[in-house]
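Close look at the chain arrangement
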Amino acid sequence: MNDRKRPDGRAQATNTWRVGVLALLFTGAFSILFFRLWFVQLAAGPEWLLEADQNIVSSEPIAAPRGDIVDRNGIVLATSVPGLVIEIDRSLLPVEVEDDVLQRLAAILDLSPVEVREAVERTRSGEVASLAEFEIDADTAYLIMEQRATLPGVTVRALPVRGYTEGSLMGHVLGHMGLPSPGDLERLPTSDTNTPIGKLGVEREYDEFLQGIPGKHVYRINPEGAILEEIGTVSPVTGATVRLTLDVEVQAEVERILVEAIALSNALKETQDEEDPDRTPPPTERATAVVMEVNTGAILAMASYPTFEPQAFVGGIDIDSFEELSERQAFNNLAIQGVKPPASTFKAITYVTAMEENIFPEGVSTPEETIECSPQLAHRFEDDSQHLWRNWTFPESDGPQNLHDALRRSCNIYFWEVALSIWRAFRGTDREGMVQEWARAVGVGRPTQIDLPFEHEGILGDRQLFEEWQERQPWRVRAEGWLGGDLMNLVVGQGPIVATPLQMAVAYASMLNGGTVYQPRVADAIDTAEGDRLRTLEPRVLRSVDISPETVASLRRDLTSVVRSGTARRAFEDLGGLVELVGGKTGTAQSFTDQQGVFHDSTAWFVGVAPIDAPRWVVAVMVDEGGSGGAVAAPAARAIFQYLLGTDVTPLVAGEDTER
Amino acid sequence: MAVLSRSLDGVGGIFEDRPKPTPDVIVFVLMASLMALGSVMVYSSTFVRLEEETGDPTSAMRRQMIFAGVALVTYVAASMIDYRLYRRFPAFIYGLMIIALVGVLFAAPQKGATRWIPVGAFQFQPSEFAKVALIVALASLLAMGAGKRLSWRSLGTALLMAAVPGFLIFLQPDLGTMLVVGFITVGMLFAAGSSFRQMLVLGASGVVGVIAVFQLDILKSYQTARLAGFFDQTADLQGVNWNLYQSQIAIGSGQLVGRGLLQGTQTRLSFIPSQTTDFIFTAVGEQFGFIGGSAVILAYAILIWRVLIVAAGAPNAFGSMIAVGMAALLSFHVFVNIGMTVGLVPVTGLPLPFMSAGGSAMIAMAGGLGIVNSVWRSRSPVSDRPEARDL
């Protein structure tokens, strides 16, 4: 490509072809622009248009009122009340004027500046402190809004506030609210750290129904976030109403009786002259009782003491109260979390096993044949180890007893002999754990699946569990592993077994209703705020256990004799003629001194049903370290049955001190 | 290539045949139209905010129209002045440019850069004028060896002449304008007849320069962030890619016919920073859609085409070189500016000629086109008239 000459021979001013190359280059560049524009506007345009519409809209949430929790008769236990809440946004509050602002706010609220400061420190989450604990009226709110110029960062927001109408009543079942923890945020779909969620009880379990759907104000904004106009409002949807199976009146009575039972237990402790000061029992503080419908699994009352007021958590609980309540284990719902050896109440399960599996003490082949209920039992095991069991129930011989007598009199010797028969016949085979199989079938050693959080499933020992422990937690078990002595302990509800009162209630209900295991539940139905039924929680059968009608009838009969003439006779005297309708079993978990040298008194149990011929309610009472089952737990259960059967509830008096 | 050369010869032939030197009406009309559209676009992007803030929704548009008026007057004036006048004192023009570029470095920084010298109520941006001045100075140099191969010496001188203002602009810092200077220089050197070897050396030194810039960590962090953002356009939409993202939302939502004048939510609500300056094209894209956007691109294409025709048919190498330089300047600005709003090139602060809000670039470019028009007018109906002869 040489420079061209003009026709006239002069050198051309320009390299024309080079300009042509530049023209080509520019044409290419502009074509690219053109096609890119085509792509952005026409090919991808619709998507960008969608983004454009979302771009300019901002919304501010309107909190949804939380749904009510009502009892089975519709009595409101928890509701949402419209509240005015003072919020302090620290990012808008300059540090140097913070003291002044809080002082001014305190003056408006008629409080001391210290109180306000403490509230701010206590309730802040991130930059925003929400002072829900200060109830303010519209006038006060107006005052604050009027003085906004001198109160930077302070606003008043209309927020629905949780209100509990019955104080501490049913506290453990209702649960409480709180701001989500990091764990909650992982568990839940929400990422909102400023809106309280249900933390415990029904509030937690049914949170998704109760919380409702927040509404929003929708604004058109500019990129700096300034509001240009309001486009619309989406009203919040009030959360659904959860209707419980519990009955406020039954619950109130059960809670009252529980307090009385604790008082009775402490009165008994005072009258006991314990010679050994190391064995002086500490005062009784904890007790629980549960009333459940035998044929539906519906919980009618569930009380645990000590308790707490759910209202204390609204707007944030102060740390001192929280720690004091934690110290007393007030947040533990003992009915589902208090695991204790069920003691002699477990004998009903051993009883059913013996009847159904036809396994009786050596030399006995029917439930009617007797053995001597001697003061002690000596046994030489196959490994030549010699063991001697003292029958602490009866230091003197209690005479010849068959299976029925043994349950009525709670004779350990008889049940130990049953355990030995199992051991001799089935040691090391898959039938070795037949008692545990029966226990598990009726609901012990596994979750009851109640609709409340943090249920404890207890422990039900057997060879397999011991082997697992040896592998993972060797300090929990001896090197020899599972022995016949463990089984002997287990059949009388001691040793490698702990259960919750609810598990025992489920077990008794299942055995006495003929073998149907229901899922216990505290919620009956969920309705919309307008009252339309969203969901009915029908009784749910977890499984059916094959128990012969003869065994059921026999167990019913023998449990009746426990309250009529057995270990609970004295406790149930006040029931008069109605005692015919009741059957149950006492239990006393052995006292012990722990590794720190602290003495723990026996734990008192009673589990029973009424009416015995067509069971309707099962009642389980457990007084933690409260003494004898016959003396303390059985009278409390008697009072509850009095109430359930519609007769006058008489004061608790100590029953027979059994099985100590 | 031979075919193309011949066809451009034919274009040259048109020059020869025309009887009278007349101003190029097409260029004037296109330029004035783009200015008018720009003013309306400035209005559409500012009236909501201005109404709210000052109660005077038209103030930004009025200001822009004043600039447009001054720019058109500048164009006409430059058209009237014989361009050969500049050739008498290229050193003076070049010197004035260097002084202005040095001077601006002592002005108060704004938005992290020292690009502006306050003049009364206005901001004078020397680098915009420097581009035109450099074109004239380079044209003067390269015209000296016209008709012969470009000597290595001329090449070196030209590079040095470009490097000094380039470096001063880099100090402001204004990376975009620096790249314009480089592009103009390379374009003019190519048109001036640099050999294949010389172009190869230029290309190689360009590559070395880019590597050096990265190796020496010369780029500011926002510049590397923009570059990184360009290569991953879905990342950091709230940060470095906010402009790009919002700009594509605006343009994309215009689709075929646009949302209509003053109906664009993005532009109206000023979602896009630098909406009226570097991102003015988004206002066109959103309100007038693909039809409006491609019309604007077409207008620039015709404008540049006209300038290239002058370059091809200029009576002398000096005029031709000026036209080449102006064509390169306009093309680069248009391509990079529109390209960045549609995500084709990284975000760079280059104004869209005649449309972006601001006076300096508009007046300087109008002046540059005026000089090109002066070249057009000076062509002689009779090719061998003395004054038209290459001096």
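Residues numbered from 1 in each chain as written. Chains lettered and ligands numbered in written order. Predicted model: local features only at pLDDT ≥ 70, side-chain atom pairs only at ≥ 80, totals over all residues.

Some details on the overall build of chain A
Each helix and strand counted, chain A has 21 helices and 28 strands in total. In chain A, buried positions account for 45% of the 660 residues. Put simply, 71% of the contacts in chain A that link residues at least 6 apart link residues at least 24 apart. (Helix = DSSP H or I, 4+ residues; strand = E, 2+ residues; numbered from the N terminus. Buried ≥ 20, exposed ≤ 12 C-beta atoms within 10 Å, placed from the backbone. Contact = placed C-beta atoms within 7 Å.)

Notes on the overall build of chain B
Counting secondary structure elements, chain B contains 14 helices and two strands. Expressed as a percentage of its 391 residues, the buried residues of chain B come to 50%. The contacts in chain B between residues at least 6 apart in sequence include a share of 72% that link residues at least 24 apart.

Re helix α6 (residues 152-171) of chain B
With 20 residues, α6(B) should cover 28 Å at 1.5 Å per step; its first-to-last C-alpha distance of 28 Å lies within 8% of that length. The inward-facing, buried residues of α6(B) contact α4 (90-104), α5 (126-143), α7 (175-191) and α8 (196-215) of chain B. (Expected span 1.5 Å × (residues − 1).)

Considerations on the sheet that holds strand β27 (residues 603-610) of chain A
Residue and element names in this part refer to chain A. Reading across the sheet, the five strands line up as β13-β12-β28-β27-β24 and stay open at both edges, with antiparallel pairing between neighbours. In the strand order of this sheet, the two ends are held by β13 (299-305) and β24 (583-589), each with one partner. Recorded for the sheet is a direction-independent mean angle of 5 degrees between the axes of neighbouring strands. Direction of pairing for strand β12 (residues 286-293) relative to β13: antiparallel, over a ladder of six bridges. In the strand pairing of β13, V291 is matched with A301. (Pairing = 2+ DSSP bridges. Axes fitted to C-alpha atoms, helices over the stretch in contact; angles between N-to-C directions.)

Brief notes about the nonpolar core
Nonpolar side chains in soluble globular proteins tend to end up buried together. Core analysis: the biggest nonpolar cluster contains 134 residues, and A636(A) and I640(A) have the highest contact counts within it. Take this core: its biggest share by element is eleven residues, from helix α21 (residues 629-644) of chain A. Two domains each put at least three residues into this core: domain 1 (59-244) and domain 2 (344-512) of chain A. Apart from residues no more than four positions distant in its own chain, I640(A) is found in contact with V254(A), I257(A), A289(A), V291(A) and V619(A). Of all hydrophobic cores here, the second largest spans 116 residues; its members include L34(B), M41(B), L189(B) and L350(B). (Core = buried A, V, L, I, M, F, W, Y, C linked by C-beta atoms within 7 Å. Domains from an automatic or database assignment.)

A word on the packing of helix α1 (residues 16-43) of chain A against helix α12 (residues 280-313) of chain B
Where α1(A) meets α12(B), the closest approach of the two axes is 10 Å, and the angle between their N-to-C directions is 180 degrees. The angle between α1(A) and α12(B) falls in the class roughly antiparallel. Residues T16(A), V19(A), L22(A), A23(A), F26(A), F30(A), L33(A), F34(A), L37(A), W38(A), Q41(A) and L42(A) of α1(A) lie in contact with α12(B), whose contacting residues are G285(B), G289(B), F290(B), G293(B), S294(B), I297(B), A301(B), I304(B), L308(B), A311(B) and A312(B). For the contact of α1(A) with α12(B), the residue count by class is 17 nonpolar, six polar and no charged. (Parallel < 35°, antiparallel > 145°, perpendicular 65-115°, else oblique. Nonpolar A, V, L, I, M, F, W, Y, C, P; charged D, E, K, R; others polar.)

Section: unusual backbone geometry
Glycine aside, residues mostly have negative phi angles, and peptide bonds mostly take the trans form. Omega for the bond connecting Y305(A) with P306(A) falls within 30 degrees of zero, at 0 degrees, which places this linkage in the cis form. Mapped onto the elements of the fold, P306(A) is located in the loop between β13 and α11 (319-327). Here Q172(B) and P173(B) are connected by a cis peptide whose omega angle stands at -5 degrees. Structurally, P173(B) is set in the loop between α6 and α7. The backbone phi angle of A343(A) is positive, close to 55 degrees, even though this residue is not glycine. Here A343(A) shows up in the loop between α12 (334-337) and α13 (347-357). Among the residues examined, A343(A) registers 27 C-beta atoms within 10 Å and is labelled buried. Unlike most non-glycine residues, F454(A) shows phi in positive territory, near 65 degrees. Within the element layout of this structure, F454(A) appears in the loop between α16 (434-442) and β18 (459-460).

Details of α5(B)
In this model, α5(B) (18 residues) spans 25 Å end to end at C-alpha, consistent with the 26 Å of a helix rising 1.5 Å per residue. For α5(B), the tally of buried residues reaches 17 of 18 residues, placing the bulk of the element in the interior.

A word on the pairing of strand β21 (residues 523-527) of chain A
Residue and element names in this part refer to chain A. Note that strand β11 (residues 241-244) and β21 share four bridges and pair antiparallel. Counterpart to T241 in the pairing with β21 is D527. Alignment of β21 against strand β22 (residues 533-536), held across three bridges, turns out to be antiparallel. Bridge assignment links I526 to a residue of β22, and that residue is R535. Connecting β21 to the next strand, β22, in antiparallel fashion are five residues, including G531 with a positive phi near 100 degrees.

What to know about the confidence of the model for chain B
Residues and elements named next belong to chain B. Residue-level pLDDT values for chain B average 82, and 84% of them are 70 or greater. Across chain B, helix α13 (residues 317-341) holds the top mean pLDDT of 94, while helix α1 (residues 2-17) sits lowest at 44. Taken as a whole, residues 1-19 scores under 50 in pLDDT and shows 23 contacts with residues more than four places along the chain or in a different chain. Here residues 381-391 is modelled with pLDDT under 50, and outside its nearest four sequence neighbours on either side it reaches 16 contacts, counting other chains as well. Here the prediction assigns the complex a pTM of 0.61, and the interface score ipTM is 0.86. (pLDDT = per-residue confidence, 0-100.)

What to know about the packing of α4(B) against α6(B)
Residue and element names in this part refer to chain B. Here α4 crosses α6 at 20 degrees, and the two axes come no closer than 9 Å. Between α4 and α6, the angle falls in the class roughly parallel. At the point where α4 passes α6, the crossing takes the left-handed sense. The residues of α6 that touch α4, namely those facing Y94, M97, I98, L101 and V102, are M161, V164, P165, L168 and I169. When grouped by side-chain class, the residues that make up the contact of α4 with α6 number ten nonpolar, no polar and no charged. (Left-handed = near helix turned anticlockwise from the far one by under 90°.)

Some words on the pairing of β11(A)
Residue and element names in this part refer to chain A. What you see with β11 is no split at all: T241 and R243 on one side and V242 and L244 on the other are buried throughout. Sheet topology places strand β2 (residues 69-70) next to β11; two bridges connect them, and they run parallel. Following the sheet pairing, V70 is matched in β11 by R243.

What about the confidence of the model for chain A?
Atom-level detail of predicted coordinates should not be read off regions where pLDDT is low. Taken as a whole, chain A shows an average pLDDT of 87; of its residues, 92% reach a score of 70 or greater. Within the model, pLDDT remains below 50 along residues 1-11 of chain A, and this stretch shows twelve contacts once partners closer than five positions in the same chain are excluded.

Points about the environment of A604(A)
Residue and element names in this part refer to chain A. Looking at where A604 falls in the secondary structure, it is placed in strand β27. Take A604: there are 36 C-beta atoms within 10 Å of it, and that puts it in the buried class. Apart from residues lying up to four places away in sequence, A604 is in contact with T588, V623, G626, G627, S628, G629, V632 and A633.

Thoughts on the environment of Q251(A)
Residue and element names in this part refer to chain A. Note that Q251 resides in helix α10 (residues 248-271). A C-alpha to C-alpha distance of 4.7 Å links Q251 and A301, two positions 50 residues apart in sequence. For Q251, the residues in contact, after removing those within four places along its chain, are L169, M170, L246, A301 and A303.

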